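Structure assessment
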Amino acid sequence: MNGHKFKIGETVEFHPGGSYLAKTRGQYEVVRLLPAESDGPQYRVKNVTDGHERIVREGQID
């Protein structure tokens with residue numbers, strides 16, 4: 001594992017796939033680095049517009 005690509009405080013773009021609602025797309029701030037799962041590093045992110053927090057995989061954000 002190379003570790004996390006993004007840092008705490010960084011603004012990222014969330015691109016959900018599958019069963020996520022399209023309205024969850026958008027800019028989020030990385031608030032915590034989480035341990036990697038089998039599909040790679042994870043992050044706790046907060047929507048910059050409404051403050052909603054979620055856990056995302058590294059492959060879902062740019």
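Report on the accompanying structure. Along each chain, numbering runs from 1 in the same order as the chain's sequence is written. Residues qualify for local features only when their pLDDT is at least 70, as the model is predicted, and side-chain atom pairs are given and counted only at 80 or more; totals for whole chains, interfaces and linings, by contrast, use all residues. With hydrogens and water excluded, all non-hydrogen atoms of the structure serve as input to the side-chain values.

Paired rings are identified among Phe, Tyr and Trp, the last through its six-membered ring, by centres lying within 6.5 Å, and are further divided according to the angle between planes into stacked (under 30 degrees), edge-to-face (over 60) and tilted (the rest). One pass over the full model with this rule turns up 2 aromatic pairs. On the numbers, 5.8 Å between centres and 70 degrees between planes, the contact of F6 with Y43 is edge-to-face. In this pair, F6 sits in the segment before β1 (11-14) while Y43 sits in strand β3 (residues 40-47), placing the two residues 37 residues apart along the sequence. Only protein chains enter the accessibility calculation, which uses a 1.4 Å probe; a residue whose area is less than 20% of its type maximum is buried, one above 50% is exposed, and one in between is partly exposed. For F6, a relative accessible area of 6% corresponds to the buried category. A relative accessible area of 0% places Y43 in the buried class. Summarising the aromatic geometry, the rings of F14 and Y28 are spaced 5.5 Å apart at their centres and angled 80 degrees between planes, so their arrangement reads as edge-to-face. With F14 in strand β1 and Y28 in strand β2 (residues 26-37), the pair connects residues that are 14 residues apart, well separated along the chain. Of the two residues, F14 and Y28, both sit in the buried class. Strands are runs of DSSP state E lasting at least two residues, helices are runs of H or I lasting at least four, and both sets are numbered from the N terminus onward.

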